[in-house]
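Listed below, chain by chain, are the residues.
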Amino acid sequence: MKKSVILLSLIALFSMGYGQPRVSGLSYPSHVNVFDLYEISFSLGNYSNPYDPRVIDVYADFVGPDNNVCRVNGFYYESYSFKKVKNREEAEAGLEKGWHIRFTPDKAGTWSFVIHAIDSKGSVQATKQPVTFRCDAVDSTTGFISVANKRYLKRDAVENGLHKESPFYPIGFNVAWYDYEASKTKPKGVYEYERIIDAIAGSANYMRIWLNRYQCLNLYGPEYTQQQGKNPIVYFDSKLNQKDAAELDHIISYAARNGINISPCIFSYGDFCNKSKDSSKWDNNPFHTILGLKSWTSFFTNKDAKRISKNLIRYIVARWGYATNIVCWELWNEVDNIPCESLSQAQFNRNIVDWHNEMASYIRSIDPYKHPITTSNASSKTTDDLYKQLYASLDFVQIHTYGNIQKAKSKEEQCLNLLYKSNDAHTLYPDKPCFIEEFGFGQATSKVKYKDKDPNGIDIHNSLWASLFSSSTGPAAFWYWDHLDKQGLLRIYEPILQYSKNLPLLSDSFKAYNTAKTSKNSAIYPNGIQTFYLANITEDSIFGWCQDTAFSYQALRRQADKVTKGHFDTLGKSDVNAYVYTLDAKKKPKPSSQSNTIILPIANQPAGTIYTIKWYDGETGNEIVSERTTVAVKSDIRNGKHLAFEFPASIRDLKKKTINNALGDAAFILYLQQDINKNGDTQSDDAANIRKRRINFIRRLKH
């Protein structure tokens, strides 16, 4: 139910004098649920630039049941509707043109708000008395995502009527833009996102999208679905793209209903140079064509460019900050790919870092929900000067990395690459979580693509499991969503999502390990089983993934393809009937050794400590209940103090010499037997807790 106040009443009650802002048509709900959208709408009249708070500044102060005040900015709004015509989007402008304020309450009880509007003529308190509404408690729901500690993200939640913090592991991939190649004027639009979201609902919880693709979703720049003569309408500064803003409304709400969380990326390097072959490039960028910047490098220092950028960011935060399924604000995609032109690289890097510091500070001043802030760099080399500076004022680090799928050397497998990259990032930025936001595969020649060499996504599957147990805050996000789509691999994250439901909110004392031993150019694994795992400082919890090395991608490729000089000859002969290409059970490799024993070193638990181990099928993520068992810490001269446990015989059957799932893998959870009800790691491993647990550990040793 909504309450409305007519124009005459508002003018009589709320106007504070001639020329001041006048609010009319105020409409708002009488109640809302905890963590649901509460939306207010009204009209203010016409302004030359409704996106600039110097021209018109609109906000509401919300007061909660605890008397805390939350200030939320309003935003200009034009309504649009969408319909599907021949599998493509057609947008139609609606009649509504006005202002909205979107708010998400986090507590049950009575709330109130007062709306303020300020322009050059004065200000008005648009509600003579605070307007009250009810926020109803719910039994179960999810809230906002934030940084939990130096390693992981968390989200607010309500379970059984009680507020709690739950882990959030981003599990999904990039869907940076929708299809436009067939027609820029009639793209698939929101229906492309709907289709992909429908396909991954229940098997992933995350996607990254761009807000800066001129042919697709963008708030400023050329709009090809709207023509002015033969040219697209260009949106900028005082006129943002309300059609695409409505698209983003639709995408975010549709994703939320299907359990998908979104990272929106605001700017991309392609718009700020002329490397691109499509429309998203500097020659078409309104910061150049309208504002008149001669060089893209001046974007980071020009006062007007920074003002317009802040206005754009303010609009994004005001319109979509309410959404509990927004993971973060990502300022840039691969900002280091912008050429420095006549500037020295050091000076250009300094300008980029200063810009990020300023924008991050601005976002924190206007975002009442405190979404994490990040950006991305194409290079993640710890020696890279910009990479070393870029994330100092941001909330978490991003990694983009692309391995060469043609390489035959096992140490160059993407699994290990992702582990090394994330460990390096965490070493460089020990106080910040890091996330492998983009990964994919390159190729040695354009004649043979990675998709031709891995049609079943074996290397993707292995990389995802391995990166879950790296220093990344979740499994790596694959870049080539079109490949996943065309190859029927959109649900490739499903087993990891299923397994992750068993993980607690991990503390930041966890470190990533791997059982590989490097010999020359190869990684050697004991008993033919590669193991990636996480262990916390007290080693009361260990989480990991194991795989028979015969099922590593490169091992399967060796069986199928000709090898030359340590690399695959992409133009040589291939056995098209090999397992890597067909997953034909008759072609499946045998176990690579006659031992199922996995050995992990243990430093901080005494010999005799009993662990319970649970196993999960790498193909499904479901627990293999028959394999649940216990194992004790042992100590001997050869291995020192260690855990020795057996790979599930139901998957790696040595007696029958068979592998009984598709890729010879399983994940596990190891926790102290006395922690069986906690299922592993405590919620916090801050310094005080670590000291306390170390003292208790020493006491146990003395006795």
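It should be noted that the structure appears before, not after, this text.
Small disclaimer: the values here were computed from a predicted structure and weren't measured.

Visitor: Mind showing me how you'd approach the overall build of the protein here?
Guide: Along the backbone of the protein there are 15 helices and 37 strands. The burial tally for the protein puts 57% of its 703 residues in the buried class. Within the protein, contacts between residues separated by at least 24 positions form 69% of all contacts whose residues are at least 6 apart in sequence. On the protein, roughly 28,700 Å² of surface is accessible, and the fraction owed to carbon and sulfur atoms is 49%.

Visitor: How should the sheet that holds strand S15 (residues 172–174) be read in this particular structure?
Guide: Sheet strands pair via backbone hydrogen bonds, and the direction of the pair is either parallel or antiparallel. Taken in spatial order, the 5 strands of this open sheet run S15-S16-S19-S20-S21, and their pairing is parallel. In this open sheet, the two edge strands, each paired with only one partner strand, are S15 and strand S21 (373–374). With 5 bridges joining them, strand S16 (residues 206–210) and strand S19 (residues 261–268) adopt parallel strand pairing. Its bridge partner being in S19, Met 207 is matched across the sheet by Ile 262. Here helix H5 (residues 303–320) sits on the sheet in contact with S19 and strand S20 (329–333), set at roughly 170° to S19. Where helix H6 (residues 345–366) meets the sheet, its contacts fall on S19, S20 and S21, and the angle it forms with S20 comes to roughly 160°.

Visitor: What is the right way to read the pattern of salt bridges from this model?
Guide: Think of it this way: side chains of opposite charge can pair up when their charged atoms draw near. Enumeration over the complete set of coordinates arrives at 33 salt bridges. When the shortest N-O distance is used, the salt bridge between Lys 164 and Glu 159 registers 3.6 Å. Given the relative accessible area of 35%, Lys 164 is considered partly exposed. Judged by its relative accessible area of 39%, Glu 159 is partly exposed. Residues Arg 307 and Asp 237 are paired through a salt bridge, measuring 3.9 Å at the closest nitrogen-oxygen approach.

Visitor: How do you make sense of helix H3 (residues 242–257) when you look at a structure like this?
Guide: Side chains that are three or four residues apart share a direction in an α-helix, a result of its 3.6 residues per turn. Between its first and last C-alpha, H3 extends 23 Å over 16 residues, near the 22 Å set by a 1.5 Å rise per residue. A large share of H3 lies buried, amounting to 12 of its 16 residues. Those residues of H3 not exposed but buried are Gln 242, Lys 243, Asp 244, Ala 245, Ala 246, Glu 247, Leu 248, Asp 249, Ile 251, Ile 252, Tyr 254 and Ala 255. Among the residues of H3, the N-terminal cap falls to Asn 241, whose side-chain oxygen and the backbone nitrogen of Lys 243 are separated by 3.2 Å.

Visitor: Please clarify how the packing of aromatic side chains should be interpreted in this entry.
Guide: One pair of aromatic rings is described through two measures. These are the centre distance and the angle between the planes. One pass over the full model with this rule turns up 67 aromatic pairs. Judged by centre distance (6.0 Å) and plane angle (40°), the rings of Phe 272 and Trp 282 are tilted. Taken as a pair, Phe 272 in the loop between S19 and helix H4 (286–289) and Trp 282 in the loop between S19 and H4 lie far apart in primary sequence, 10 residues in all. Taken individually, Phe 272 and Trp 282 each receive the classification buried, so the pair is uniform in this respect.

The rules behind these values
Residues numbered from 1 in each chain as written. Predicted model: local features only at pLDDT ≥ 70, side-chain atom pairs only at ≥ 80, totals over all residues. Heavy atoms only, no water. Helix = DSSP H or I, 4+ residues; strand = E, 2+ residues; numbered from the N terminus. Buried < 20%, exposed > 50% of the residue type's maximum accessible area, 1.4 Å probe, protein only. Contact = heavy atoms within 4.5 Å. Areas by Shrake-Rupley, 256 points an atom, 1.4 Å probe, with all protein chains shown as cover. Pairing = 2+ DSSP bridges. Axes fitted to C-alpha atoms, helices over the stretch in contact; angles between N-to-C directions. Salt bridge = Lys/Arg side-chain N within 4 Å of Asp/Glu carboxyl O. Expected span 1.5 Å × (residues − 1). Polar contact = N/O pair within 3.5 Å; in protein donor to acceptor, adjacent residues only side chain to side chain. Phe/Tyr/Trp six-rings, centres within 6.5 Å; stacked < 30°, edge-to-face > 60°.

Read these as layout, nothing more, since geometry by itself doesn't imply function.
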